Every structure is written in structure tokens, then in C-alpha cells.
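Listed below are the residues making up each chain.
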Amino acid sequence: MADELDRKIMPEFLQTGFAIYLGACYKSLEMMLKPVESAETLFKEAQPLFAWPKEEGLQKKAEAIAGVWMEKAASLMEVCKTAGEKFTEGK
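What you are looking at is a predicted structure, and each value in this text was computed from that prediction instead of being measured.

### So, the overall build of the protein chain
In terms of regular secondary structure, the protein chain is built from 3 helices and 0 strands. Computed over its C-alpha atoms, the radius of gyration of the protein chain comes to 18 Å, more than 25% above the 12 Å expected for a compact globule of 91 residues. With respect to the three principal axes, the spread of C-alpha positions in the protein chain is 50 × 45 × 15 Å. Put simply, the protein chain has 91 residues, and 10% of those count as buried. Of the contacts formed within the protein chain by residues at least 6 apart in sequence, a portion of 62% connects residues at least 24 apart. Only carbon and sulfur atoms are counted for the fraction: they give 66% of the accessible area of the protein chain, which is about 7800 Å². Charge-centre separation for the protein chain: the mean point of 12 positive side chains lies 3 Å from the mean point of 15 negative side chains.

Here it is in C-alpha cells:
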């Protein structure tokens, strides 16, 4: 049972991972072509990652910071996946 499930999941997992990798490469090249604009965007996008939340209590602050980092990571993966899927569609 587990082997059958693995055979179905692994190709999708590898294809998604490859699409994210291609998208990250493409976005990196895109950023190298416009370094000034890319630096401005990078600083603007990274600013919320280092902002200290106003919640009271250490646990609440840690949860708020973790939430921001998780949201940024998820959106970055989605952007890279979308960009990478342009290269893998229909092939």
C-alpha cells in the first residue's frame, strides 16, 4: 500500500520541486538584470520580517514573528512555482 502511494506522490513532488527551482533561477536572473529596482524591492519586502510586533508577552510576539516569516516564505514559494511552471507547461 505504501509503495503504491509513494509511486503516485513522488513524481508530483519532484515536478513541483523542479518548478520551484526553475522559478527561483528565473527570478534570480530577472533580479540581476535590474539590480537597483531589485534592491529596492528586496528591502521593502524584507522590512516586515524584522519589525518587532506590538503584542504583549513573549509568546504572542514569537507567534506574530513566526506568522510573518511563514507567510513570506509561502508567498515566495508560490511566486517561484508560478514562474517555474511557465517552463514546464505542456512538456
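### As for the layout of surface pockets
One simple way to see leftover space: roll a probe sized like a water molecule over the atoms. Approximately 700 Å³ is the volume found for the largest pocket. Taken together, 20 residues form the lining of the largest pocket, with Met31, Thr41, Leu42, Glu45 and Leu76 sitting closest to its centre. Of all the secondary-structure elements, those providing two or more residues to the lining of the largest pocket are α1 (2-33), α2 (35-46) and α3 (58-88). By residue number, the principal contributor to the lining of the largest pocket is α3, which donates 7 residues. Of the residues assigned to the lining of the largest pocket, the class counts are 10 nonpolar, 4 polar and 6 charged.

### Points about the state of the cysteines
Considering all chains together, one arrives at 0 disulfides under this definition. The structure places no disulfide on cysteine 25, whose sulfur is separated from the nearest cysteine sulfur, that of cysteine 80, by 9.1 Å.

### Things to note about the packing of aromatic side chains
With the rule as written, the count across this model stands at 3 aromatic pairs. With centroids separated by 5.5 Å and ring planes inclined at 65°, the aromatic side chains of tyrosine 26 and phenylalanine 87 adopt a geometry described as edge-to-face. Taken as a pair, tyrosine 26 in helix α1 and phenylalanine 87 in helix α3 lie far apart in primary sequence, 61 residues in all.

### What about α3?
Over its 31 residues, α3 runs 44 Å from end to end, which matches the ideal 45 Å to within 8%, given 1.5 Å per residue. Along α3, the residues that are buried comprise Cys80, Ala83, Gly84 and Thr88.

### Some thoughts on the confidence of the model for the protein chain
Interpretation of the predicted coordinates at a detailed level should be avoided for regions scoring low in pLDDT. Looking at the protein chain, pLDDT values average 86 and 90% of them are 70 or higher. By mean pLDDT, the top-scoring element of the protein chain is α2 (91), and the lowest-scoring one is α1 (84).

Here is what the cut-offs are and how they apply
Residues numbered from 1 in each chain as written. Predicted model: local features only at pLDDT ≥ 70, side-chain atom pairs only at ≥ 80, totals over all residues. Heavy atoms only, no water. Helix = DSSP H or I, 4+ residues; strand = E, 2+ residues; numbered from the N terminus. Rg over C-alpha atoms; globule rule 2.2 N^0.38 Å. Buried < 20%, exposed > 50% of the residue type's maximum accessible area, 1.4 Å probe, protein only. Contact = heavy atoms within 4.5 Å. Areas by Shrake-Rupley, 256 points an atom, 1.4 Å probe, with all protein chains shown as cover. Lys, Arg positive; Asp, Glu negative; His and termini not counted. Charge placed at Lys NZ, Arg CZ, Asp CG, Glu CD. 1 Å grid on protein atoms, 1.4 Å probe; cavity = no way out; pocket = protein on both sides within 12 Å on 5 of 7 lines; lining within 4 Å. Points joined across faces, edges and corners; volume = space filled by probe spheres on them. Nonpolar A, V, L, I, M, F, W, Y, C, P; charged D, E, K, R; others polar. Disulfide = S-S within 2.5 Å. Phe/Tyr/Trp six-rings, centres within 6.5 Å; stacked < 30°, edge-to-face > 60°. Expected span 1.5 Å × (residues − 1). pLDDT = per-residue confidence, 0-100.

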